[in-house]
Amino acid sequence: MSRPSQPKLTTSDHNGVSVIQSQAHAASSSAVARAQQVPQLVPAGPSAGGGKALPPSKLKKPPADKDSDEYRQRRERNNLAVKKSRMRSKQKAMDTQQRVNELKEENERLEAKIKLLSKELSVLKDLFLEHAHNLADNVQPPAGAEGSSPAPNNTAANGQ
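Every value quoted in this text rests on a predicted model; they were computed, and no experiment measured them.

Parameters at a glance
- Residues numbered from 1 in each chain as written.
- Predicted model: local features only at pLDDT ≥ 70, side-chain atom pairs only at ≥ 80, totals over all residues.
- Heavy atoms only, no water.
- Helix = DSSP H or I, 4+ residues; strand = E, 2+ residues; numbered from the N terminus.
- Contact = heavy atoms within 4.5 Å.
- Areas by Shrake-Rupley, 256 points an atom, 1.4 Å probe, with all protein chains shown as cover.
- Salt bridge = Lys/Arg side-chain N within 4 Å of Asp/Glu carboxyl O.
- Buried < 20%, exposed > 50% of the residue type's maximum accessible area, 1.4 Å probe, protein only.
- pLDDT = per-residue confidence, 0-100.
- Patch = residues over 30% accessible without salt bridge, like charges linked within 9 Å, V, L, I, M, F, W, Y side chains within 5 Å.
- Lys, Arg positive; Asp, Glu negative; His and termini not counted.
- Charge placed at Lys NZ, Arg CZ, Asp CG, Glu CD.

### So, the overall build of the protein
Scanning the protein for helices and strands turns up 4 helices and 2 strands. Secondary structure of the protein in N-to-C order comes out as β-β-α-α-α-α. For the protein, the share of sequence-separated contacts (at least 6 apart) that also reach a separation of at least 24 residues comes to 5%. Per element, the accessible surface of the protein, about 15,300 Å² overall, is 56% carbon and sulfur.

See below:
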């Protein structure tokens, strides 16, 4: 059978290391308690190695002499890159604004076309309804129901 588990006690020694003991061992000598100590694992700091290497652009470089040719060349390249970047940014903003203006004009044209087509639809509906009403007024009754409706307005038939 399984033996009953004993409750565990956790204590700390003077070094801050946690010690896990069962209740039966809690009364044993300190030498036995030190033998049962479980050291805590502490993650290594970033200076301990094992991390990702920094790219060359992030490494600390000694400050360059502002009078050196290398410094002046780097500054010129940087200034050109900044100018180029700003020009691209301005061009992109101008292109976007131009596209916005084109879309606004197209939207206005399409809205005008919608108004025109809506008016045309309204006129055609009115014509259709008028035509349908005229057809309903001029429908002749079927042949079996002659006496129930008046005779059509035919002048040639009335003259004989």
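### With respect to the pattern of salt bridges
Evaluated as defined, the whole model comprises 2 salt bridges. Put simply, Asp69 and Arg72 hold a salt bridge, and the shortest N to O gap is 3.0 Å. Here the residue Asp69 and the residue Arg72 both occupy positions in helix H3 (residues 69–137), the gap between them amounting to 3 residues, near one helical turn. Using a relative accessible area of 43% as the deciding quantity, one classes Arg72 as partly exposed. Residues Arg74 and Glu70 are paired through a salt bridge, measuring 3.9 Å at the closest nitrogen-oxygen approach. Taken together, the positions of Arg74 and Glu70, both in helix H3 and 4 residues apart, correspond to about one turn of that helix.

### Points about the confidence of the model for the protein
When pLDDT is averaged along the protein, the result is 75, and 50% of the positions lie at 70 or above. When pLDDT is averaged over each helix and strand of the protein, the minimum, 50, is found for helix H1 (residues 23–26) and the maximum, 96, for H3.

### Regarding a nonpolar patch on the surface
Taken together, Val123, Leu124 and Leu127 make up a surface patch of nonpolar side chains, about 280 Å² in accessible area. Locating Leu124 in the fold gives a position in helix H3. A relative accessible area of 47% means that Leu124 is categorised as partly exposed.

### Some details on a negative patch on the surface
A grouping of Glu102, Glu105, Glu108 and Glu111 is seen on the molecular surface, where their side chains present a negatively charged patch. The exposure class of Glu102 is partly exposed, given its relative accessible area of 38%.

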